[in-house]
Amino acid sequence: MAKRLKQLLRYYQELVNQSFSPEEMTHYRDELLIQIQFFQHERLIHLIVTVLFALLTVLTLFAALFLEKLILLVLFLLFFVLLVPYIQHYYVLENGVQKLYEYYDRLN
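Summarised in this report is the structure supplied together with it. (Residues numbered from 1 in each chain as written. Predicted model: local features only at pLDDT ≥ 70, side-chain atom pairs only at ≥ 80, totals over all residues. Heavy atoms only, no water.)

Attention now goes to the nonpolar core. Core analysis: the biggest nonpolar cluster contains 17 residues, and Leu5, Tyr12, Leu32, Phe39, Leu100, Tyr103 and Leu107 have the highest contact counts within it. Counting only elements with at least two residues in this core, the list comes to helix H1 (2–16), helix H2 (22–67) and helix H3 (70–106). (Core = buried A, V, L, I, M, F, W, Y, C linked by side-chain atoms within 4.5 Å. Buried < 20%, exposed > 50% of the residue type's maximum accessible area, 1.4 Å probe, protein only. Helix = DSSP H or I, 4+ residues; strand = E, 2+ residues; numbered from the N terminus.)

Right, here's the structure in full:
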């Protein structure tokens, strides 16, 4: 998904620097709006998953500290290892969608 977003950002970066007829501008703006909607949906899903993993990570850490069970500490580490890439991916999605908003504004 990040690769697709980066390709789309490059495409619109080149596109916004060109001049078009009003019809072409409307076409590109509508096309971009559809892409933004796809990425907004993706961003929402990843936000839900990231928040869930963050909650599970924190709850598992508290449980490991209070119950003093080694297996809970291992589970915490597994959740934490998964949480880091989720945060990184969500960061890329969020910044990419914000950039798409800027391109949409420039096409108006």
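As a further point, take the packing of aromatic side chains. Taken as a whole, this structure holds six aromatic pairs when the rule is applied. Judged by centre distance (4.9 Å) and plane angle (80°), the rings of Tyr11 and Tyr12 are edge-to-face. Taking the relative accessible area as the measure of exposure, Tyr12 reaches 0% and is therefore buried. Ring geometry for Phe53 and Phe79: centres 5.9 Å apart, planes at 75°, overall edge-to-face. Taken together, the residues span a long stretch of sequence, with Phe53 in helix H2 and Phe79 in helix H3 at a distance of 26 residues. Phe79 carries the same exposure label as Phe53, and that label is buried. (Phe/Tyr/Trp six-rings, centres within 6.5 Å; stacked < 30°, edge-to-face > 60°.)

As for its placement among the helices and strands, Thr57 is situated in helix H2. Apart from residues no more than four positions distant in its own chain, Thr57 is found in contact with Phe76, Phe79, Phe80 and Leu83. (Contact = heavy atoms within 4.5 Å.)

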